[in-house]
Amino acid sequence: MSTRPALAFACAHLTDDRLDAHQLAALADTHDCSVFVFRDHDAMAGMAGQVLSAMPERFTLIGLSLGGYAAFEVIRRALPRLERLALIDTTAVADHPARRAGRHKDIATVQQGGIDALIPELPDRWLLPAHVSNPALVALMADMARSVGARGQFNQQTAMLGRPDSHADLARVRVPTLVMCGRQDPVTPLADHEAMAACVPGARLEVIEDCGHLSTIEQPEAVTAALMQWLRHTR
């Protein structure tokens, strides 16, 4: 049985383990790292169960966007199992009507034209404008979305449509907590992260400069450095 700290990386919408590749490479020698890609569950309960069934009794949960929403469900179901919590480019706010309408529109787009019909919209929607012209980053996003696929996209969107506001759940957290986001995140803005950090006593807020919604691949070095420093100084 390993004595190394266990880390669970919960992936964002339409992403896979490549979302956290830089962080995983930096932490693999010192931590037991598991990555969770959510393709098969259409409710947050199933996503949380996927994580909880695979992880040891105590672990650190690191969730980006959809992965953060899954983390809130873990808090609701199994808070005593969390050793530490990192919430990255996510929000505890429930979907407003326009966001819900956008999710339904994306589902329809993929049902009518497949996942490749949606992929061209993602870089402008998620990335810092300066990063939209990075062909390697855009290609990575496309490859990850294809790996999740049309059925995975439907399941993820359905789960997100059903999620509640989670600020009251966050207020119960008493473990070391890191809240981190790109300063220019267009999907889950800095103000949402400030509100989440305010819910948890002693939470650390880290802002990544020149960065949109996918901070782990837009500014991987900065995110990895912040995450490693936080892990070193928390137990």
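Here, every reference points to the structure presented above.
Residues numbered from 1 in each chain as written. Predicted model: local features only at pLDDT ≥ 70, side-chain atom pairs only at ≥ 80, totals over all residues. Heavy atoms only, no water.

Residue position: Ile115 is located in helix H5 (residues 115-118). Remark: the alpha-carbon pair of Ile115 and Cys33, spanning 82 residues in sequence, is separated by 29 Å. Ignoring sequence-local partners within four residues, the contact set of Ile115 consists of Leu14, Val110, Ala145, Arg146, Gly149, Ala150 and Gln153. (Helix = DSSP H or I, 4+ residues; strand = E, 2+ residues; numbered from the N terminus. Contact = heavy atoms within 4.5 Å.)

The next point concerns the side chain of Gln156. Mapped onto the elements of the fold, Gln156 is located in helix H7 (residues 135-161). With sequence-adjacent residues up to four places away left out, Gln156 is seen in contact with Ala12, His13, Leu14, Phe38, His41, Met47, Leu66 and Val148.

As a further point, take the environment of Asp124. Residue position: Asp124 is located in helix H6 (residues 122-126). Considering only alpha carbons, one finds Asp124 and Ala8, 116 residues apart in sequence, at a separation of 29 Å.

Per the stated rule, a full pass over the model turns up 14 salt bridges. For Arg18, the salt bridge goes to Asp16, with nearest N and O atoms at 2.7 Å. Taking relative accessible area as the criterion, Arg18 reaches 32% and is therefore assigned partly exposed. Taking the relative accessible area as the measure of exposure, Asp16 reaches 4% and is therefore buried. Between Arg183 and Glu209 there is a salt bridge; the shortest N-O distance is 2.8 Å. Highlighted residues: Arg183 in the loop between strand S5 (177-182) and helix H9 (190-199) and Glu209 in the loop between strand S6 (204-208) and helix H10 (215-218), separated in sequence by 26 residues. Classification of Glu209 by relative accessible area gives partly exposed; the value is 40%. Bridged by salt links that share partners, the residues Glu73, Arg76, Arg77 and Asp169 form one connected network. (Salt bridge = Lys/Arg side-chain N within 4 Å of Asp/Glu carboxyl O. Buried < 20%, exposed > 50% of the residue type's maximum accessible area, 1.4 Å probe, protein only.)

That's the geometry; what it means functionally is another story.
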